[in-house]
Amino acid sequence: MLITTSERNLISVWNDGKGIPVVKRKEEQLYIPELLFGHLPTSSNYDDDRKKVTGGRNGHGAKLCNIFSTKFTVETSSKECRKKFKMTWTGNMAQAGPMKLSANDVKDYTCITFMPDLKKFGMDKLDADTVALLSRRAYDIAGATKGVTVYLNGTRLPVNNFKDYVELYTKKCTDENGVPYETVYEKVNLRWEVCVTLSKKGFQHLSFVNGIATTKGGRHVDYITEQVVRKISDIVKKKNKGGRGVNVKPFQVIASVFLAFNKKRADERKEWLSNFMASRRQRREDGRPDDALHNANVKSLTYTEFVNRGLVLYSCADVERSVPSLLDGLKPGQRKVLYTCLKRDDKREVKVAELAGSVAELSA
């Protein structure tokens, strides 16, 4: 698949998969490519009772692209039909140009080229954000579509499968010492691929169903999440020797974490953290020890204690690591790196791996 964006407000998508059949439909006496891209409504994706492994909204996407373009051209070649079809629409699909048919039995392909009607979107050119979004979709296609090689503006994308796509997100995820987070990837079968890793921002997900990005999640995300949580619960139970300590149930793992990280409860979380910090400051002023999660006398924890002691300690530490200090503008991790560099007094370039080891050794 070749995807091209141009400063001349021209977007082109070329695919060498099986071409669209270049034959006439008996009912309309029109060629199928013209029906698919230039007439509402036409599609083969209407049967909601039939299980599907492809995505789409009954052909609306292609036609809407035509409607919201000043110029829209479809060109397709069908080796099976031994014909090539080309047609151009202008004026938001209002005017259809002449259809061009020619013989072709060499190869299959389909190419869509269009010029978005930028005025309808309050734009005078394809801005950087729009181009970035289109580029993101090119990466999505490469990661979510099996057996497809994607080129963007002449450059082959370094994504051959879903695992490659996931690593675009995870390869830069490291702890404060620069150690990459461990990522678990599993290709369950031809229809399911799953990846799980740590997150600095609570529960996050990225998912596709039938090639469509499902940014709001759904039952498929819940289906995997519930299994992961259940397994974690089982591991905790096994480590709970003699039946003492926390007896974690799956729904409680999710509920406890979402109290702590749910975006909709941001105000409650701020109050939760502020109250804890005020309490900790008062304990230190009184000369009392900090309220640690574990000590020699702790034999068990309630769920409330786990959230209000364990997760709040983590959340406070995360804030301290993430927010620069008012005094020097540095985060703790940055300050450790600067201290290590000054301590080593290097006069040469240093590899990240070598520096990370020194940071752990000198600033722990």
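Details of the structure are given in the entry above.
The structure contained in this document is the topic of the report that follows. Computed from a prediction, not measured in an experiment: that's the story for all the values here.

Counted under the stated rule, the structure contains 10 aromatic pairs. Seen in terms of ring centroids, tryptophan 14 and tyrosine 109 are 6.2 Å apart; in terms of plane orientation they differ by 25 degrees. Their pairing is stacked. Placement of the pair is tryptophan 14 in strand β2 (residues 10–15) and tyrosine 109 in strand β9 (residues 109–116), with a sequence separation of 95 residues. Looking at tyrosine 109, the relative accessible area reads 9%, which means it is buried.

Turning to the packing of helix α9 (residues 332–344) against helix α10 (residues 352–362), a few remarks are in order. Helix-helix packing is described using two parameters, namely the angle between the two axes and the distance between the axes. Closest axis-to-axis distance for the α9/α10 pair is 9 Å, and the angle between their directions is 95 degrees. As far as their axial angle goes, α10 and α9 are roughly perpendicular. Together, Lys336, Val337, Tyr339, Thr340, Cys341, Lys343 and Arg344 of α9 and Glu354, Leu355, Ser358, Val359 and Leu362 of α10 make up the contact between the two elements. Here the residues of the contact of α9 with α10 sort into six nonpolar, two polar and four charged.

Time to look at the nonpolar core. Residues Phe37, Phe72, Val74, Phe85, Trp89 and Ile112 are the most contacted members of the largest nonpolar core, which totals 16 residues. Of all the secondary-structure elements, those providing two or more residues to this core are β5 (69–78), β6 (83–90) and β9. Ranked by residues supplied to this core, first place goes to β6 with three residues. Of all hydrophobic cores here, the second largest spans 12 residues; its members include Ile3, Ala138, Val150 and Phe208.

Thresholds, definitions, all that
Residues numbered from 1 in each chain as written. Predicted model: local features only at pLDDT ≥ 70, side-chain atom pairs only at ≥ 80, totals over all residues. Heavy atoms only, no water. Phe/Tyr/Trp six-rings, centres within 6.5 Å; stacked < 30°, edge-to-face > 60°. Helix = DSSP H or I, 4+ residues; strand = E, 2+ residues; numbered from the N terminus. Buried < 20%, exposed > 50% of the residue type's maximum accessible area, 1.4 Å probe, protein only. Axes fitted to C-alpha atoms, helices over the stretch in contact; angles between N-to-C directions. Parallel < 35°, antiparallel > 145°, perpendicular 65-115°, else oblique. Contact = heavy atoms within 4.5 Å. Nonpolar A, V, L, I, M, F, W, Y, C, P; charged D, E, K, R; others polar. Core = buried A, V, L, I, M, F, W, Y, C linked by side-chain atoms within 4.5 Å.

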